[in-house]
Amino acid sequence: MKKTWWMSVVLLFMGLGLVAASVNEPLPSDYWDMPQAKGKAHIGLENNMRPEACAQCHEAQFNAWRDSKHAHAYSPGLVGQFPGAGHGAGNECLVCHAPLAEQLYRDEGDLAATLSTLLENPEGFSRDADLDAKQAKLPLRHAGVTCAVCHVRNGQRFGPPRRGSDVVGHLEGAAHGGFIATKDFEKSQLCASCHQFPQSYAINGKPLENTVFEWQQSSFARQGVQCQTCHMPDRKHSFKGIHDVDMVRSGLNFKLEKKGRLASLTMTSVHIGHAFPTYVTPKIWVKADALNAQGKVLQHWQWSIVREVAYDDDWKETQDSRLMPGESRIFIADNADKNITSVRFYIDVIPDAFYKGVYQSLLADNLQPKAKLLITKALSDADKNDYRLYENEMQF
Ligand code: HEC
Ligand code: HEC
Ligand code: HEC
Ligand code: HEC
Ligand code: HEC
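Each residue is numbered by its place in its chain's sequence as written, counting from 1. Chains carry letters from A onward and ligands carry numbers from 1 onward, assigned in written order. For a predicted model such as this one, the threshold for reporting local features is a pLDDT of at least 70, and the threshold for listing and counting side-chain atom pairs is 80 or more; totals across whole chains, interfaces and linings nevertheless cover every residue. Note that the side-chain values use all heavy atoms of the structure and ignore hydrogens as well as water.

**A word on the site of ligand 2**
Step number 1: Inspection of the region around ligand 2 gives 21 residues, with H70, C191, C194, H195 and H243 positioned closest.
Step number 2: N or O atoms closer than or at 3.5 Å make up a polar contact, with two conditions inside protein: a donor-capable atom paired with an acceptor-capable one, and, for residues adjacent in sequence, both atoms drawn from side chains. Backbone polar atom of I242 to an oxygen atom of ligand 2: 3.2 Å apart, as the coordinates give it.
Step number 3: In the environment of ligand 2, an oxygen atom lies 2.8 Å from a nitrogen or oxygen atom belonging to the side chain of H243.
Step number 4: Going along the chain from the N terminus, every DSSP run of H or I of four or more residues is numbered as a helix, and every run of E of two or more is numbered as a strand. Looking at the shell around ligand 2, the elements with two or more residues in it are α5 (87-97), α8 (192-195) and α11 (227-231). Here, proximity means that at least one heavy atom of the residue falls within 4 Å of the molecule or strand.

Next up, the structure:
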């Protein structure tokens, strides 16, 4: 078809429209390369990078963040693995767990000292935002993925545009020299540096952390539903995930049915923007018991939902039974036995299944005494995280 002059004008305006809508002030391209938070421009409270300091003015964010996994990323299970490996190897892990220049270990002395301070302060920061509390004097690494990790570089604050506004770039504010507003804070890519491994690390075609890629393949990405939409609703800093029963329930749909003597449970991933679960670390057990009138179990079924990898010369994937976004799976209890009067389905979640195995094998080794205390604590904490996701019974 030959273009008429007015079509060209329409196309030109559409082009301009696109440019106008996509105006953004992108984050510096080295935002995640050896990040450093502190700068020279501010003094006192405004140059204090501790979360307790931010909390003096940003209480709502602090109150939500302090219960999130990000706040506890400098954990006994992490640090208990470092002695023996050395501070350099430790820093390679801190790249995601406490990545600021102010958080990394300078030497072996730092690492040795941290074992005691962590044992004495497993919480890591003062929950009541008290800058005079003894926890607020701990090295910043104890605050894990703290506010400044995502928001501050060389003293400069970066954040999303103000609520209800589209304005990007440097904005004046009543503290810390204002901030740089960028729409990059509203996009999934912001989470990629810690929640996505490069394809070169793939095992059976998929990196161990593949969350952003899984999201890109889903209908959520096409509809513009970002990580933040689900994990920071209304900008809330709670970052709930597999450890929170209500969060997991919000992503799934269950349907219990019977057909003749068959009982079935259909599970559908309706609101999870990646595989359920996205990591190799959780494990989900779907189980069914067939009972007689006296409540005795006559038959038992179980299925697992997990991506399992094992190391044997090289990493191998031994199983991947996870549910992809939108996928349904049907679990069938074929209870032919006429004495069966009811079938009970139940689902248990073990959020830290993989790590429990790691901790058990570490404890079987000859660990340095303080590392042993840390790993023992990590194992008992991990055990407390298991929960029942679903339970329902049907009569025959
Ligand atoms: C003395 C009070 C004060 C302290 C301390 C403080 N802030 Fe702020 N912060 C402000 C004010 C005021 C604004 C500007 C709000 C506006 O103009 O919309 C702001 C804005 C921000 C924004 C941008 C918000 C948006 O809408 O995008 C971020 C992000 C931020 N601060 C992070 C931090 C972090 C992280 C810390 C601690 C390292 C911190 N602030 C410490 C007062 C403070
Ligand atoms: C600097 C690295 C880093 C960045 C950036 C980051 N995360 Fe995390 N995230 C972590 C680490 C490390 C953990 C695990 C903490 C722990 O349990 O030790 C975690 C845990 C989580 C969890 C909890 C998982 C569970 O087991 O329940 C969620 C949800 C999450 N992150 C979402 C996000 C989202 C959404 C973003 C982007 C807005 C993001 N993260 C950005 C490092 C990061
Ligand atoms: C690319 C980012 C990244 C790197 C590098 C990384 N982790 Fe993590 N780690 C995470 C995320 C995200 C989670 C939470 C999701 C999960 O449960 O796997 C996590 C969870 C953990 C946990 C369980 C939760 C906790 O804090 O107790 C341990 C233990 C852990 N990591 C240890 C390590 C060790 C040891 C290293 C270095 C060998 C390391 N990590 C390197 C991102 C990372
Ligand atoms: C893992 C990264 C991450 C961490 C850690 C984090 N934030 Fe944020 N923050 C974000 C993202 C992403 C947004 C924008 C969310 C959106 O637009 O949906 C945001 C938004 C904000 C805003 C603007 C809020 C609003 O309602 O307009 C402030 C202020 C802020 N953060 C302060 C903090 C403070 C203080 C802490 C520590 C207690 C903190 N952040 C920890 C990623 C983070
Ligand atoms: C449509 C909503 C939705 C979107 C979009 C979404 N998530 Fe989730 N996410 C969930 C739900 C629900 C869970 C709990 C069930 C589960 O663990 O899969 C979860 C769990 C997690 C976990 C816990 C660990 C695990 O193994 O499951 C992490 C980490 C996480 N999400 C990170 C992200 C990141 C990073 C993005 C963006 C690339 C993202 N999520 C996008 C809903 C969402």
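**A look at the coordination of the iron atom of ligand 1**
Step number 1: Note: metal donors comprise N, O and S atoms at 2.8 Å or less from the metal (3.2 Å for Na, K and Ca); water molecules are not included, so apparent gaps in a site are possible. The iron atom of ligand 1 binds to the protein through H58 (NE2) and H176 (NE2); the donor distances cover 2.0 Å.
Step number 2: Any coordination sphere not matching a tetrahedral pattern (four donors, all angles between 85 and 135 degrees) or a square planar or octahedral pattern (four or six donors, opposite donors over 155 degrees apart, other angles between 65 and 115) is reported as irregular. Every donor counted, the 6 donor atoms about the iron atom of ligand 1 form angles of 87 to 178° at the centre, which fits octahedral coordination. One end of the pair, H58, is in the loop between α2 (51-55) and α3 (59-65); the other, H176, is in the loop between β3 (169-171) and β4 (179-181), with 118 residues separating them in the sequence.
Step number 3: Under the scheme applied here, a residue whose accessible area is under 20% of the maximum for its type counts as buried, over 50% as exposed, and between as partly exposed, the area being computed with a 1.4 Å probe on protein chains only. With a relative accessible area of 16%, H176 lands in the buried category.

**As for the coordination of the iron atom of ligand 5**
Step number 1: Within the protein, H231 (NE2) and H274 (NE2) serve as the donor atoms for the iron atom of ligand 5, at 2.0 Å.
Step number 2: Taken together, the 6 donor atoms surrounding the iron atom of ligand 5 define angles of 88 to 180° at the centre, an arrangement classified as octahedral. Residue H231 is located in helix α11, and its partner H274 is located in the loop between β6 (262-269) and β7 (283-291); the two are separated by 43 residues in the primary sequence.
Step number 3: The partly exposed category is assigned to H231, whose relative accessible area is 24%.

**Re the sheet that holds β4**
Step number 1: When DSSP finds two or more bridges between a pair of strands, those strands are recorded as paired. Spatially, β1-β2-β4-β3 is the arrangement adopted by the 4 strands of the open sheet, whose pairing is mixed. Two strands bound the open sheet, and with one partner strand each, they are β1 (152-153) and β3.
Step number 2: With 2 bridges connecting them, β1 and strand β2 (residues 156-159) associate as antiparallel partners. Bridge assignment links V152 to a residue of β2, and that residue is R157.

Keep in mind that these numbers describe shape and distance, not what the molecule does.
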